[in-house]
Amino acid sequence: MSELSIATTQNVKINFKAASAGERIGAYLLDLIIKIAYCIVVYGIFFYWLNLDKLFPKLDQWSLMTILLMFYFPVMIYSITLESVFEGQTIGKKITKIKVVKIDGYQAGFGDYLMRWFFRLIDITIFNGIIALITVVSSKKGQRLGDMVAGTAVITLKNKVDISHTILEEIGETYVPTYPLVIKLSDNDMRIIKETFLRAEAKNDYEIIYKLVSKIESVTGIKNQSIGNPADFICTVLKDYNFYTQNM
């Protein structure tokens with residue numbers, strides 16, 4: 001399993017483990033089972049229960065193709081729809097605990113998922129997954145062709161990491177939050193903030209810490225209430241984010 005190093009906009013490198021070919025195949029097979037189950041249900045309802053197939057001899061070729069396309073359309077857009085909704089995961093990816101991310105540290109967007117989805121035709125559909133398997137195994141970042149074009153990679157979420165390497169913060173049951181606007185930030189934002197802060201604090205790099213405070217204020221609209229100590233402000237932001245996301 002190769003290691004993927006993502007350089008964030010703050011020039012901080014965050015290390016992840018690229019998902020193995022086995023994990024990606026497992027997620028694909030689980031998603032395939034879901035698609036097949038959908039087709040069976042649709043067939044049972046429309047062709048067996050409602051006897052829609054009796055209308056087919058009366059339809060012209062274009063009408064028939066349109067109806068079949070309508071039935072198959074959810075299968076066609078399955079991956080791009082779920083990855084867009086669940087931020088880089090389909091049901092299969094959720095079960096196998098893998099996720100699509102941008103290799104520049106940003107959250108992947110719809111355009112990235114669209115590019116990956118389009119290149120599935122080459123990676124998986126036309127060549128029965130052979131191209132995808134070859135590129136994932138041979139690529140240093142475990143990328144298939146669609147990932148290379150979209151600038152994405154698939155990482156595993158099974159890493160055993162200490163709490164200091166995650167966005168989690170230890171907060172007590174009596175903790176009272178200060179900045180409700182932290183919910184404007186995402187998990188990816190908080191991971192970048194924490195990684196940047198810990199590295200800057202270890203090097204006593206207060207310039208980076210002040211820049212980080214300024215960035216948080218400009219993005220969220222939060223005003224620093226920790227007079228004279230920017231580190232306290234960042235610690236509070238991290239704890240507040242955990243408080244609000246754990247209690248949603």
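Residues numbered from 1 in each chain as written. Predicted model: local features only at pLDDT ≥ 70, side-chain atom pairs only at ≥ 80, totals over all residues. Heavy atoms only, no water.

**Examining helix α9 (residues 187-202)**
Every α-helix winds through 3.6 residues per turn, so residues three or four apart in the chain are directed the same way.
Thought 1: Look at α9: 23 Å from first C-alpha to last across 16 residues, which is about the 22 Å you get at 1.5 Å a residue.
Thought 2: Those residues of α9 that fall on the buried side of the exposure criterion are Asn188, Met190, Ile192, Ile193, Lys194, Glu195, Thr196, Phe197 and Ala200.
Thought 3: Following α9 by one or two positions, Asn204 has its phi on the positive side, about 55°. (Helix = DSSP H or I, 4+ residues; strand = E, 2+ residues; numbered from the N terminus. Expected span 1.5 Å × (residues − 1). Buried < 20%, exposed > 50% of the residue type's maximum accessible area, 1.4 Å probe, protein only.)

**Observations regarding the environment of Leu121**
Thought 1: Take Leu121: it is sitting in helix α6 (residues 120-126).
Thought 2: The spacing of Leu121 and Gly146 is 25 residues in sequence and 9.5 Å in space, taken between C-alpha atoms.

**Points about the packing of helix α1 (residues 21-49) against helix α7 (residues 130-138)**
Thought 1: Relative to each other, α1 and α7 sit at 150°, their axes nearing to 10 Å. Comparing the axis directions of α1 and α7 gives the class roughly antiparallel. Across the interface between the two elements, Ala21, Arg24 and Ile25 from α1 touch Leu133, Val136 and Val137 from α7.
Thought 2: When its residues are assigned to classes, the contact of α1 with α7 shows five nonpolar, no polar and one charged. (Axes fitted to C-alpha atoms, helices over the stretch in contact; angles between N-to-C directions. Parallel < 35°, antiparallel > 145°, perpendicular 65-115°, else oblique. Contact = heavy atoms within 4.5 Å. Nonpolar A, V, L, I, M, F, W, Y, C, P; charged D, E, K, R; others polar.)

**Some details on the side chain of Lys99**
Thought 1: Tracing the backbone through its elements, the reader meets Lys99 in strand β3 (residues 98-102).
Thought 2: Lacking a salt bridge, the buried Lys99 has Glu87 as its closest oppositely charged neighbour, with an N-O distance of 4.5 Å.
Thought 3: Each residue touching Lys99, except ones within four places of it in the same chain, is listed here: Glu87, Gly88, Gln89, Gln107, Ala153, Val154, Ile155 and Leu157. (Lys, Arg positive; Asp, Glu negative; His and termini not counted. Salt bridge = Lys/Arg side-chain N within 4 Å of Asp/Glu carboxyl O.)

**Some thoughts on the packing of aromatic side chains**
Thought 1: By the definition in use, this model includes two aromatic pairs.
Thought 2: A ring pair is formed by Phe118 and Phe119, whose centres lie 5.7 Å apart and whose planes are at 80°; its orientation type is edge-to-face.
Thought 3: Classification of Phe118 as partly exposed rests on a relative accessible area of 48%.
Thought 4: Using a relative accessible area of 16% as the deciding quantity, one classes Phe119 as buried.
Thought 5: Ring geometry for Tyr179 and Phe233: centres 5.3 Å apart, planes at 70°, overall edge-to-face. Taken together, the positions of Tyr179 in the loop between β4 (152-156) and α9 and Phe233 in helix α11 (residues 230-246) put the pair 54 residues apart, joining distant regions of the chain.
Thought 6: Residue classification places Tyr179 among the buried positions, given a relative accessible area of 3%. (Phe/Tyr/Trp six-rings, centres within 6.5 Å; stacked < 30°, edge-to-face > 60°.)

**Looking at the packing of α9 against helix α10 (residues 206-220)**
Thought 1: Where α9 contacts α10, the axes come no closer than 9 Å and their chain directions differ by 155°. For the element pair α9 / α10, the angle class is roughly antiparallel. At the point where α9 passes α10, the crossing takes the left-handed sense. Only Ile208, Ile209, Leu212 and Ile216 of α10 make contact with α9, whose side of the interface consists of Ile193, Thr196, Phe197, Ala200 and Glu201.
Thought 2: Among the residues forming the contact of α9 with α10, the class breakdown is seven nonpolar, one polar and one charged. (Left-handed = near helix turned anticlockwise from the far one by under 90°.)

**Quick word on the confidence of the model for the protein chain**
Thought 1: On average, residues of the protein chain score 82 in pLDDT, and 81% of them are at 70 or above.
Thought 2: Confidence drops under pLDDT 50 across residues 160-168; counting only partners more than four residues distant or on other chains, this segment forms 17 contacts. (pLDDT = per-residue confidence, 0-100.)

**What to know about the pattern of salt bridges**
Thought 1: On inspection of all chains with the given rule, the structure shows eight salt bridges.
Thought 2: Of the charged contacts in the structure, one is a salt bridge between Lys93 and Glu83, with a shortest N-O distance of 3.1 Å. Pair noted here: Lys93 is in helix α4 (residues 91-96) and Glu83 is in helix α3 (residues 78-85), with a separation of 10 residues, a long-range link. With respect to class, Lys93 is no different from Glu83; both count as buried.
Thought 3: Between Arg144 and Asp123 there is a salt bridge; the shortest N-O distance is 2.6 Å. Linking Arg144 in the loop between α7 and α8 (145-150) with Asp123 in helix α6, this pair joins segments that are 21 residues apart in sequence.
Thought 4: Arg144 gets classed as buried once you look at its relative accessible area, which sits at 3%.
Thought 5: Classification of Asp123 by relative accessible area gives buried; the value is 0%.

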